[in-house]
Amino acid sequence: MKNLSVKTRMMGGFGILLALLIVISVLGMVSLYKLNASLKEIVYINSVQSSLAVDLRASQQDRFIAVRNLALLTEMPAMQAEVARIREQDAVYADAYQKLGKILADDAETTAEERALFAAVKDAEQAAMPLLKQTIELGLANKAEEATVLLMGELRARQRAWTATLTALQVLEEKVN
């Protein structure tokens, strides 16, 4: 080192500093890329799954509120408004269910528990829907007493099972994501 001129030693020192700066910059860029990929997964996949699970539960609850209102009402315009609300929530639910199903099917990290709960949601829906439709028909026919018996009896149990399954899916999505 003593045989080298000051100029050569200075250039060597700056060269080493430049090389270290480049290495640190590359490492920083790689870390930022990984962070960006993680954030994209959180924002575009994980939070979407949680949000769709919340949408399913909210839509189901709103639909049941409208059905209960329908059973209490006696005037056709008000009843038609509740039927429109039910149909709107049917569409919201179907859209959220389809989107969540696609995400779960496409995501390689979907757990077996997520798949099982998602299937259980469909089973619970299919168990409740015939009674829900029957209650709507009774409400529209101004058969409030029969609609109430159905609402408070068999449909209530199926609604609770459906709600519990949706809640479990929502909790799982929030935990997993």
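Our structure's up above, just so we're on the same page.
Right, let's walk through the structure included here.

The rules we used
- Residues numbered from 1 in each chain as written.
- Predicted model: local features only at pLDDT ≥ 70, side-chain atom pairs only at ≥ 80, totals over all residues.
- Heavy atoms only, no water.
- Axes fitted to C-alpha atoms, helices over the stretch in contact; angles between N-to-C directions.
- Helix = DSSP H or I, 4+ residues; strand = E, 2+ residues; numbered from the N terminus.
- Parallel < 35°, antiparallel > 145°, perpendicular 65-115°, else oblique.
- Contact = heavy atoms within 4.5 Å.
- Nonpolar A, V, L, I, M, F, W, Y, C, P; charged D, E, K, R; others polar.
- Expected span 1.5 Å × (residues − 1).
- Bend = angle between axes of the 7 residues up to and from the residue.
- Buried < 20%, exposed > 50% of the residue type's maximum accessible area, 1.4 Å probe, protein only.
- Polar contact = N/O pair within 3.5 Å; in protein donor to acceptor, adjacent residues only side chain to side chain.
- Core = buried A, V, L, I, M, F, W, Y, C linked by side-chain atoms within 4.5 Å.

## Considerations on the packing of helix H4 (residues 144-152) against helix H5 (residues 154-176)
It is the contact of H4 with H5, at a shortest axis distance of 3 Å, that shows an interaxial angle of 40 degrees. Classified by the angle between their axes, H4 and H5 sit oblique to one another. Seen from H4, the contacting residues are Leu150, Leu151 and Met152; seen from H5, they are Glu154, Leu155 and Arg156. Residues of the contact of H4 with H5, tallied by class, amount to 4 nonpolar, no polar and 2 charged.

## Notes on helix H3 (residues 112-140)
End to end, H3 covers 42 Å across 29 residues, agreeing with the expected 42 Å (1.5 Å per residue, within 8%). Methionine 129 marks the point of greatest bend in H3, at about 35 degrees, and the proline proline 130 comes within the next four residues. Just past H3, the residue asparagine 142 takes up positive phi, approximately 60 degrees.

## As for the environment of alanine 164
Along the polypeptide, alanine 164 turns up in helix H5. The spatial distance from the C-alpha of alanine 164 to the C-alpha of arginine 57 is 9.4 Å, given a sequence separation of 107 residues.

## A word on the side chain of threonine 135
As for its position among the elements, threonine 135 is in helix H3. Relative accessible area serves as the criterion here: at 0%, threonine 135 is assigned to the buried category. Of the polar contacts made by the side chain of threonine 135, one reaches the backbone oxygen of leucine 131; its length is 2.8 Å. If we ignore the near neighbours within four places in the chain, the residues touching threonine 135 are Val67, Ala147, Leu150, Leu151 and Leu155.

## Notes on the nonpolar core
Counting residues in hydrophobic clusters, the biggest one holds 35 residues, and the most contacted among them are Leu56, Trp162 and Leu169. At the level of elements, helix H1 (6-72), helix H2 (76-106), H3, H4 and H5 are the ones that each hand at least two residues to this core. In terms of residues, this core owes the most to one element, H3, which gives 10 residues. Excluding residues within four positions of it along the chain, tryptophan 162 makes contact with Gln60, Arg63, Phe64, Tyr93, Val121, Ala124, Glu125, Ala128 and Met129.

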